[in-house]
Amino acid sequence: MPQLTSLRLLYTSPILSPFKSPFLSFSTISKSKSPLLNPPSFFTVLSSSSGRHPKLPRHPQHLRRRDISSFRGTNRRDKGMPTEETESGSVGFNKRRAEGRDKNDKPRNLQLKARKLNPVNTICYVQILGTGMDTQDTSSSVLLFFDKQRFIFNAGEGLQRFCTEHKIKLSKIDHIFLSRVCSETAGGLPGLLLTLAGMGDEGMSVNIWGPSDLKYLVDAMKSFIPNAAMIHTHSFGQAPGSNGAPVPDLKKFSDPIVLVDDEVVKISAILLRPSCLKGSETVTEEPNMLCHSEVGVEGRRNHLQEQTLSHSAGEDSQAGAMGKPGDISVIYVCELPEIKGRFDPQKAVALGLRAGPKYRELQLGKSVMSDRKNNMVHPSDVMGPSIPGPIVLLVDCPTESYLQDLLCLESLTSYYTGSSSNPLESAKTVNCVIHLSPASVVRSPNYQVWMKRFDAAQHIMAGHEMKNVEVPILKSSARIAARLNYLCPQFFPAPGFWSLQHLNHSIPESIASSEGSVTELCESVGAENLLKFHLRPYAQLGLDRSGIPSLSSPSEIIDELVSEIPEVVDAAQEVGQFWNDIGEAQREIAPMHDDKVMIEEPWLNLNTLPRCLEDITREDMEIVLLGTGSSQPSKYRNVTSIYINLFSKGSLLLDCGEGTLGQLKRRYSVEGADNAVRGLRCIWISHIHADHHAGLARILTLRRDLLKGVPHEPLIVIGPRQLKRYLDAYQKLEDLDMQFLDCWHTSEVSLDAFECSFKTNKEHSSESSASLEGENDTNTVKLTKLFAKGSRMQSYWKKPGSPADHSVAFPILKNLKKVLSEAGLEALISFSVVHCPQAFGVVLKAAERINGVGKVIPGWKIVYSGDTRPCPELIEAARGATVLIHEATFEEGMVDEAIAKNHSTTNEAIEVGNSAGAYRIILTHFSQRYPKIPVFDDAHMHKTCIAFDLMSVNAADLTVLPKVLPYLKLLFRDEMTVEELDDVISEGLAS
């Protein structure tokens, strides 16, 4: 019989080594005279008072400074929070957080919500949550709504942001069901769980349901879910045995598995598997049972190893029989109880009953003895006919290989109409079938035949359909993007959605089968965002389109903007004029000499241009800010991700928060984003917090699918070592087709030693080539030299927690060097920053180039801070940077909060850039308390710009970048810095 495993999992953070950096010494911070600690220079004062930007009409202040007392929570330092500071107190940080010790030592017991159900006067409907409809990057979700309960089916990336946009309260969700366990259906789960755990004083929990593959996702999330989040997970269906035990036959477990059965709904699961798995399993005579158990912290690991899938060597021979993890798909059956008929008191009197308690007994379905006659009165004698309860099916048939199993499922025969094995009087009427299957599967002849078995059902097609691509699901951010595009299309290109006006969206009325017969398509409706199908009250049974958002065209948004801010018309013309002036300005600007370092506000001399920007073209480099918010996604800002577009030479991603793929598709179109993913050379992750890497698996699995059958190298992923634990665990669920490199391997110390060893061993290999046999011997010599006793790498690799398998790192470093060279990059260097254990920033240095007259032009330099407090390592790494991309989570007046979270304020970020002599500074990673634009001081923004989602900064436009900022403020002059999230407190656990 079907098995269901219920695991109450306590996620515990892995043991983290104390915060030790090979580059950072806190004693150095407190004693040195860092530029951050010096009083403003004469040049700073002069630049603050000088007006170098075009003046706009004066308006009331567009932003009000937030009252510090309004920040939720009290001053952390008043509570005795351990902090480390300089002598002047200007640059402090939270030492406990930096060491990974700031979390509550006693894990909280997040209790499930107890709901008082209302089975009589229930409001109920299913609703399409259109995640992924416009970008086709993730599975749509489905909400089953009751007035006292909420159920969500599938939690792909963007679900949390979608719920925020459409005011669907996360705190009301009781259960989440996964139709498959993969990045497409579960990519939004980690962020959602972190947000729930951060709600209220004690946090909230939710039931997660999925097939036995759920174990792999659970194991992977343990790598970064903090100890404060206790999640109740339930896996169902039989998994292969461990230690070489026989692989069970899934046919024995094809009966519906009842998951939820209460007064208002019964939810069952029916398993689907690809046809290639049939006929090769061993049958076990295990009785049908529903196992519901809980394990504690100590027993969790052993329980998981015993009860779920394993990749041990003993099972490899049977893996083909069972299929790989992620193959199981689920059909969910949701059945509401029948509506009892009306009680007829006249019939009761005629049968000899007196008014009283026996009336109630009959209404509850119990037979009673007549008061006046010697006979039993049954409910059917006095009750009108009952109305069958509505039934909804959610079907996920991901490929045609699942069709054979779908067509043969005996457990569905009771729901078919007109079946010889299912008499009409005993048939269950299915009212609605929601198809999560892709259009290519749905329109196959066999699938159409199966659909016609539900004659009375309303079929809703929720797979990806091209007609939905032009309809933005996130209307708030789309509206901001349209306004920004009107003002400055150079930095804010129009969204890259395909123009569908010339495409034929009409669905064919029939399809031809391989045998030549023609099958008419079953009648259905295409899913639309927020489309409802009412189940209760019974009088409203059917479709409801009233909640579907109306589409606002860009022209309507711009008309509204011009009406609201008439000055924007002139502002847009002035901004456009900047690009007309670029050519003339560059002819007048003198480049810097090689021996000249950018120091002390170089913008004071407008006739100075970094040599790396000489003769730069629009096909050299572009920075695309895909996500610019912190902690969790919001209506206007997605979480962190930066796309470095090197055009014909490929691209890189710096951080990859949830929804990164969707943002790529919004920027470049569905097809353009696929090309961007194909061209990725490397992905670099700054630290283990979920808002910086939760979108990684979706990007990697898409790239794997796009390059299937094409010769290619696995993608190099560089990140902290905790990320490797996550990726290794996740790869048991889905192949990610990647190579991992610890950030420590790409530090300056490591790379110098690698280069030294590489050159030494190259010479050694040349001298002793006659004695070396094959490539393996060469690699052995290289590794021997690299980690020889007394070498500079020996102490480095002996640092606590450093990776042990150096033989794996060396060939990947060699491959990284080749990949960077092909991308036109000279170096990628990671450096330590102050945020949490193993937090890093990164330097990207372009190789030299030769212009049209044969002159050597130095390469540009991009520095990304990651999440950090100001620190000497960052200043040194950013020395002379062309662009510094720096986090600026908080405004100037919230230094205490910045210290508590080990983040930076806007002024601190600018000071880091000024101290390093960076040419341009881009501020990003803003707290979600600033919905549209952060609070900043105009006096220090002369070479700085504020990032917005999908902002694209071409290297050829860097000279113009700061000039645009005053005009951007014009768009938000009346905005208030109010918090927009009803369910989220402070910065959440992921910040």
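Rules of the game
- Every residue gets a number counted from 1 within its own chain, in the order that chain's sequence is written.
- With pLDDT at 70 or above as the cut-off, local features in this predicted model cover only qualifying residues; side-chain atom pairs require 80 or more to be listed or tallied, and sums for whole chains, interfaces and linings still use all residues.
- Water and hydrogen atoms play no part in the side-chain values, which are based on all heavy atoms of the structure.
- Secondary structure elements are defined from DSSP: runs of H or I of at least 4 residues count as helices, runs of E of at least 2 residues count as strands, and each element is numbered from the N terminus.
- Buried means the residue's accessible area, taken with a 1.4 Å probe over protein chains only, is under 20% of the maximum for its type, while exposed means over 50%, and partly exposed covers the values in between.
- Areas reported here follow the Shrake-Rupley algorithm with a probe of radius 1.4 Å; residue values treat only the protein chains shown as occluding.
- When DSSP finds two or more bridges between two strands, those strands count as paired.
- Geometry is summarised by axes, namely lines fitted to C-alpha atoms with helices restricted to the contacting stretch, and by angles between N-to-C directions that run from 0 to 180 degrees.
- In what follows, a contact means two residues having at least one pair of non-hydrogen atoms within 4.5 Å.
- Here, a salt bridge means any Lys or Arg side-chain nitrogen found within 4 Å of an Asp or Glu carboxyl oxygen.
- Whether two aromatic rings pair depends on their centres lying within 6.5 Å, for rings of Phe, Tyr and Trp, where Trp uses its six-membered ring; planes under 30 degrees apart make the pair stacked, over 60 edge-to-face, and the rest tilted.
- Put simply, a charge is over a ring when the Lys NZ or the Arg CZ is close to the ring centre, within 6 Å, and near the line of the ring normal, within 35 degrees.
- For the purposes of these results, a polar contact is taken to be a pair of N or O atoms within 3.5 Å, where, inside protein, one atom must be able to donate a hydrogen and its partner to accept one; residues adjacent in sequence count only when each atom of the pair is a side-chain atom.
- Buried Ala, Val, Leu, Ile, Met, Phe, Trp, Tyr and Cys residues that are joined via side-chain atoms within 4.5 Å together make up what is termed a nonpolar core.
- In predicted models, pLDDT denotes the confidence assigned by the predictor to each residue on a 0 to 100 scale.

## Some points on the overall build of the protein
Right, on to step 1. Across its full length, the protein carries 31 helices and 39 strands.
Right, on to step 2. A burial count over the protein gives 57% of its 991 residues as buried.
Right, on to step 3. Carbon and sulfur atoms provide 51% of the accessible area of the protein, an area that totals close to 40,700 Å².

## Quick word on unusual backbone geometry
Right, on to step 1. Looking along the chain, the bond that leaves R536 and enters P537 is cis, with omega of -5°.
Right, on to step 2. Counting through the fold element by element, P537 comes out in the loop between β21 (532-536) and β22 (542-544).
Right, on to step 3. If you check the backbone angles, F647 has positive phi at about 60° while not being a glycine.
Right, on to step 4. Positive phi, close to 70°, is recorded for D655, a residue that is not glycine.
Right, on to step 5. Within the element layout of this structure, D655 appears in strand β27 (residues 651-656).
Right, on to step 6. Its relative accessible area of 0% is what places D655 among the buried residues.

## Things to note about the pairing of strand β30 (residues 738-742)
Right, on to step 1. Of all 5 residues that make up β30, 4 are buried, and the element is covered over most of its length.
Right, on to step 2. Across 5 bridges, strand β29 (residues 715-719) lies against β30 in parallel orientation. The residue bridging V717 from the neighbouring strand is F740, located in β30.

## What to know about the sheet that holds β30
Right, on to step 1. The mixed open sheet is built from 7 strands, whose spatial order is β30-β29-β28-β27-β26-β25-β39. Edge positions in the sheet fall to β30 and β39 (951-954), since each of these pairs with one other strand and no more. Across the sheet, the axes of successive neighbouring strands diverge by a mean angle of 20°, strand direction being ignored.
Right, on to step 2. Set on the sheet, helix α20 (residues 660-668) makes contact with β25 (622-627), β26 (641-645), β27 and β39; between it and β25 the angle comes to about 125°.
Right, on to step 3. In this fold helix α22 (residues 696-706) packs onto β27, β28 (680-684), β29 and β30, with an angle of close to 160° to the strand it touches most, β28.

## Comments concerning the pattern of salt bridges
Right, on to step 1. A complete count under the given rule lists 27 salt bridges for this structure.
Right, on to step 2. When the shortest N-O distance is used, the salt bridge between R180 and D396 registers 2.9 Å. Placement of the pair is R180 in the loop between β7 (175-177) and α5 (183-186) and D396 in the loop between β15 (391-395) and α14 (403-408), with a sequence separation of 216 residues. Accessibility classification places R180 together with D396 in one group, the buried group.
Right, on to step 3. Two residues, R681 and E822, come together in a salt bridge whose shortest N-O distance is 3.0 Å. Taken together, the residues R681 in strand β28 and E822 in helix α27 (residues 806-822) connect sequence positions 141 residues apart.
Right, on to step 4. Overall, the relative accessible area of 25% leaves R681 in the partly exposed class.
Right, on to step 5. According to the relative accessible area criterion, E822 is partly exposed, its value standing at 41%.
Right, on to step 6. Connected through shared salt-bridge partners, R180, E184 and D396 make up one network.

## Topic: α20
Right, on to step 1. The element α20 is extensively covered by neighbouring structure, given that 9 of its 9 residues are classed as buried.
Right, on to step 2. Buried within α20 we find T660, L661, G662, Q663, L664, K665, R666, R667 and Y668.
Right, on to step 3. Once α20 finishes, S669 follows within two positions and takes phi at roughly 85°, a positive value.

## Concerning the packing of aromatic side chains
Each aromatic ring pair is characterised by the separation of its centres together with the angle its planes make.
Right, on to step 1. One pass over the full model with this rule turns up 22 aromatic pairs.
Right, on to step 2. Taking 6.0 Å as the distance between ring centres and 45° as the angle between the ring planes, the aromatic pair formed by Y726 and Y730 counts as tilted. In this pair, Y726 and Y730 are both assigned in helix α23 (residues 721-730), 4 residues apart and thus about one turn of the helix distant. One exposure class covers both Y726 and Y730, and it is buried.
Right, on to step 3. A network of ring pairs unites the aromatic residues F146, F151, F153, F177, W209, F236 and Y332 as a single cluster.
Right, on to step 4. Note that K963 overlies the ring of F578, its terminal NZ or CZ placed 5.7 Å from the centroid.

## Side note on the side chain of H687
Right, on to step 1. One can find H687 in the loop between β28 and α22.
Right, on to step 2. Taking relative accessible area as the criterion, H687 reaches 1% and is therefore assigned buried.
Right, on to step 3. Separated by 2.8 Å, the side chains of H687 and S686 make a polar contact.
Right, on to step 4. Only 3.5 Å separates the side chain of H687 from the side chain of D867, close enough to count as a polar contact.
Right, on to step 5. Aside from chain neighbours lying at most four places away, what touches H687 is H692, H693, P720, H835, C836, Q838, A839 and D867.

## Points about the nonpolar core
Right, on to step 1. Core analysis: the largest hydrophobic core is formed by 106 residues, its most contacted members being L144, F153, I176, L217, I267, Y332 and I434.
Right, on to step 2. Those residues in contact with I267, other than ones at most four positions away along the chain, are L144, F151, F153, F177, I257, V258, L259, V260, Y332, V333 and C334.
Right, on to step 3. Counting 85 residues, the second largest nonpolar core, distinct from the first, contains F491, F492, L813 and A888.

## Looking at the environment of I565
Right, on to step 1. With respect to the element layout, I565 can be found in the loop between α18 (554-564) and α19 (568-588).
Right, on to step 2. We classify I565 as buried; its relative accessible area is 0%.
Right, on to step 3. When the C-alpha positions of I565 and R973 are compared, they lie 9.4 Å apart, and in sequence the two are 408 residues distant.

## Thoughts on the pairing of β39
Right, on to step 1. Side chains M951 and V953 of β39 all project onto a buried face; the interleaved residues S952 and N954 project onto the opposite face, where all are buried too.
Right, on to step 2. Relative to β39, β25 is paired through 4 bridges, and the arrangement is antiparallel. Each residue of the ladder has a partner; that of E622, found in β39, is N954.

## Structural notes on the confidence of the model for the protein
Atom-level detail of predicted coordinates should not be read off regions where pLDDT is low.
Right, on to step 1. The pLDDT averaged across the protein works out to 77; a share of 69% of its residues lies at or above 70.
Right, on to step 2. Here residues 498-507 is a poorly scored stretch, pLDDT under 50, and it has 16 contacts once near neighbours within four places are set aside; other chains count.
Right, on to step 3. Segment residues 768-804: pLDDT under 50, and 57 contacts once partners within four positions in sequence are set aside and those in other chains are kept.

## Brief notes about the sheet that holds strand β31 (residues 825-832)
Right, on to step 1. One open sheet accounts for 6 strands, arranged β31-β32-β35-β36-β37-β38; its pairing is mixed. Every other strand in the sheet has two partners, leaving β31 and β38 (944-946) as the edge strands with one partner each. Across the sheet, the mean angle from the axis of one strand to that of its neighbour is 15°, orientation sign disregarded.
Right, on to step 2. Where strand β32 (residues 840-846) meets strand β35 (residues 861-864), 4 bridges bridge the pair, whose relative direction is antiparallel. The residue of β35 that forms the bridge with L844 is I862.

## Looking at the environment of L816
Right, on to step 1. In this fold, L816 is placed in helix α27.
Right, on to step 2. On the accessibility criterion, L816 (2% relative accessible area) is buried.
Right, on to step 3. Expressed as a C-alpha distance, the spacing of L816 and L828, which sit 12 residues apart in the sequence, is 9.0 Å.
Right, on to step 4. Residues contacting L816, with those up to four places away along its chain left out, are I716, I718, L741 and T746.

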